[in-house]
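# Topology and contacts: notes
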Amino acid sequence: MSLFNSFLLLLCTVSFKIAHGGLIVGLRCPSASTTATTSFFKPSLEYRGNRLQRSIPSRISFAATSADTALSSGADGSLQNKTSRDEQRDMQSLLRWARKNGIHFADGVELQKNPNNGGWGVMATQPLRKGTKALVVPRKLVVSSPSTEKLVKGEFDKAFGILQKADVYDYKPEFLLVVRMLLEHALGEKSNYHVWVQSLPSTFSTGIWMDEFEQSFLTKDSRVVLDLQQRQYDAFFKAAQTLSDERIQSIFAKNDGGTIFQWAFSVIFSRSWRYSGDEGSDAVSNIVPLGDMFNHSGERANAGVQDFLSEDSYLELTQDVSKGSELTISYGVPYNQFRLLVVFGFFDIGCEEIFSNMNFPGKDQDEAL
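We now turn to the structure provided with this report. (Residues numbered from 1 in each chain as written. Predicted model: local features only at pLDDT ≥ 70, side-chain atom pairs only at ≥ 80, totals over all residues. Heavy atoms only, no water.)

## Some thoughts on the packing of helix H5 (residues 172–187) against helix H8 (residues 220–240)
Relative orientation and spacing of two packed helices are given, respectively, by the angle between their axes and the distance between those axes. At a minimum axis separation of 11 Å, H5 and H8 run at an interaxial angle of 55 degrees. Taken together, the axes of H5 and H8 lie oblique to each other. H5 and H8 meet at a crossing whose hand is right-handed. Packed against H5, whose contacting residues are Glu174, Phe175, Val178 and Leu182, the element H8 presents Phe236, Ala239 and Ala240 at the interface. By residue class, the composition of the contact of H5 with H8 is six nonpolar, no polar and one charged. (Axes fitted to C-alpha atoms, helices over the stretch in contact; angles between N-to-C directions. Helix = DSSP H or I, 4+ residues; strand = E, 2+ residues; numbered from the N terminus. Parallel < 35°, antiparallel > 145°, perpendicular 65-115°, else oblique. Left-handed = near helix turned anticlockwise from the far one by under 90°. Contact = heavy atoms within 4.5 Å. Nonpolar A, V, L, I, M, F, W, Y, C, P; charged D, E, K, R; others polar.)

## A closer look at the packing of H8 against helix H10 (residues 257–271)
For the pair H8 and H10, the least separation of the axes is 11 Å and the interaxial angle reads 125 degrees. Judged by the inter-axis angle, H8 sits oblique to H10. Every pair of crossing elements has a handedness; the one defined by H8 and H10 is right-handed. Taking contact as the criterion, the partners of Gln229, Gln232, Tyr233, Phe236, Phe237 and Ala240 in H8 are, on H10, Gly258, Phe261, Gln262, Phe265 and Phe269.

## Overview of H5
Between its first and last C-alpha atoms H5 spans 23 Å; for 16 residues at 1.5 Å apiece the expected length is 22 Å, and the two agree. H5 sits mainly inside the fold: 13 of its 16 residues count as buried. Within two residues after H5, Gly188 carries a phi angle of roughly 60 degrees, on the positive side. (Expected span 1.5 Å × (residues − 1). Buried < 20%, exposed > 50% of the residue type's maximum accessible area, 1.4 Å probe, protein only.)

## Digging into the environment of Gln319
Tracing the chain through its elements places Gln319 in the loop between strand E18 (313–317) and strand E19 (326–329). Considering only alpha carbons, one finds Gln319 and Leu128, 191 residues apart in sequence, at a separation of 8.6 Å. With sequence-adjacent residues up to four places away left out, Gln319 is seen in contact with Arg129, Lys130, Ala301 and Asn302.

## Examining the pairing of strand E12 (residues 133–137)
Of all the five residues making up E12, four are buried; the element is thus mostly covered by neighbouring parts of the structure. Pairing geometry for strand E9 (residues 104–105) and E12, over two bridges, is antiparallel. Paired with Phe105 across the bridge in E12 is Leu135. Alignment of E12 against E18, held across four bridges, turns out to be antiparallel. In the strand pairing of E18, Leu135 is matched with Leu315. (Pairing = 2+ DSSP bridges.)

## Remarks on the sheet that holds E12
Pairing is antiparallel in the open sheet, where four strands are placed in the order E9-E12-E18-E17. Every interior strand has two partners, whereas the edge strands, E9 and strand E17 (303–306), have only one.

## Overview of the pattern of salt bridges
All chains considered together, the criterion is met by seven salt bridges. A salt bridge links Glu174 to Arg274, with the shortest nitrogen-to-oxygen separation between them at 2.7 Å. Highlighted residues: Glu174 in helix H5 and Arg274 in strand E14 (residues 273–275), separated in sequence by 100 residues. Take Arg274: its relative accessible area is 39%, and that puts it in the partly exposed class. (Salt bridge = Lys/Arg side-chain N within 4 Å of Asp/Glu carboxyl O.)

## Observations concerning the sheet that holds E19
Adjacent strands of a sheet form backbone hydrogen bonds with each other and so pair up, either parallel or antiparallel. Judged by pairing direction, the sheet is mixed, and its four strands sit side by side in the order E10-E11-E19-E16 without closing on themselves. The two strands at the open ends of the sheet, each matched to only one other strand, are strand E10 (109–113) and strand E16 (295–296). As defined by bridge partners, E16 adjoins E19 across two bridges and the pair is classed as parallel. Across the sheet, His296 pairs through a bridge with Ile329, a residue of E19.

## So, the side chain of Gln262
Tracing the chain through its elements places Gln262 in helix H10. Setting aside anything within four residues of it in sequence, one finds Gln262 in contact with Ile208, Trp209 and Tyr233.

## Some details on the side chain of Ser266
With respect to the element layout, Ser266 can be found in helix H10. Engagement of the side chain of Ser266 in a polar contact is seen with the backbone oxygen of Gln262, the distance being 2.9 Å. What Ser266 contacts, discounting residues up to four positions off in sequence, is Phe204, Thr206, Ile208 and Trp209. (Polar contact = N/O pair within 3.5 Å; in protein donor to acceptor, adjacent residues only side chain to side chain.)

## Quick word on the packing of aromatic side chains
Throughout the structure, instances matching the rule amount to 20 aromatic pairs. With a centroid separation of 5.4 Å and an interplanar angle of 70 degrees, the aromatic rings of Phe175 and Phe236 are classed as edge-to-face. In this pair, Phe175 sits in helix H5 while Phe236 sits in helix H8, placing the two residues 61 residues apart along the sequence. There is no split in this pair, since Phe175 and Phe236 are both buried. When the centroid spacing of 6.0 Å and the interplanar angle of 70 degrees are considered together, the rings of Tyr331 and Phe346 count as edge-to-face. Here the residue Tyr331 occupies a position in the loop between E19 and helix H11 (337–344), and Phe346 occupies one in the loop between H11 and strand E20 (353–358), the gap between them amounting to 15 residues. Three or more aromatic residues joined by ring pairs make a cluster, and in this case those are Phe156, Phe160, Tyr169, Phe175, Tyr233, Phe236, Phe237, Phe252, Phe261, Phe265 and Phe269. Positioned above the aromatic ring of Tyr314, the side-chain terminus of Lys133 is 4.4 Å from the ring centre. (Phe/Tyr/Trp six-rings, centres within 6.5 Å; stacked < 30°, edge-to-face > 60°. Lys NZ or Arg CZ within 6 Å of the ring centre and 35° of its normal.)

In structure tokens:
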């Protein structure tokens, strides 16, 4: 039984529902803060970066955090926030860059360390009313998928053909944003986004950063999500290499080009937002500087993204918020913990229900019940 399943069984009672010809298991979890941490002991395992190694008995902690927070081992073997390497991230320079470029938080809203999990988050320093625009970002600073094709030299036809062949063409917006991140990385200090890029996490705890041993603990449903991520990653990597833009090619010429690509891929899938296009038009994916600092809170999210192509992007409070509260958004369907774990590197222990399919091989589903 995986660590993920063991954790859920400790916390949840199980209710069964019949739907779509199969058995749907609804795991109802007790109320919990999304920043709470539950721990148990696993002998002879210790995290070292993205590797589990033999060691003294260590405490493995699962915390509902964010894509901006990950897990690594402390001196006592406990898993601590690591992904964003918070102690190395220059947030003061980021805030100065934001102010210079017209990004602003509302009065009473600040970027701070979350005292509950140690990661960065957007906090309320005074009571705030529903409807407050917590963050406003000028449209010109929003990094969007359509703009990438205009900025990158050369044709995309061959690259898009690779996505189609791999059956991941639906993720063309995300591919374009990955290419955009490679471009901004290659530009270095010449990039208008250099300070923001430098502030991003350098490593992640998402599925594609797991080694084979770590992946062996994933449940079947998590593996399905990971298999899709791996297919996306392989196709994106191959497609990006076909681009003739010398700035993109300079990334692949580096010894660490593969690691840079892995970083860009992880940034986009864990920090960008997708919008369905109008009928007959493509979907659009955006990544919003500073907006990507809002953490996930599932069913208790208190802010929403208002992002329209014709005006500034902003995040607006959907309810009154008390002083000291973290401002959060939802990263997707809260009961789809498998996606949260693989794509964002955490799962939300505060959700009240988790649904999962139970299949009975070789039998009619109704007959099996």
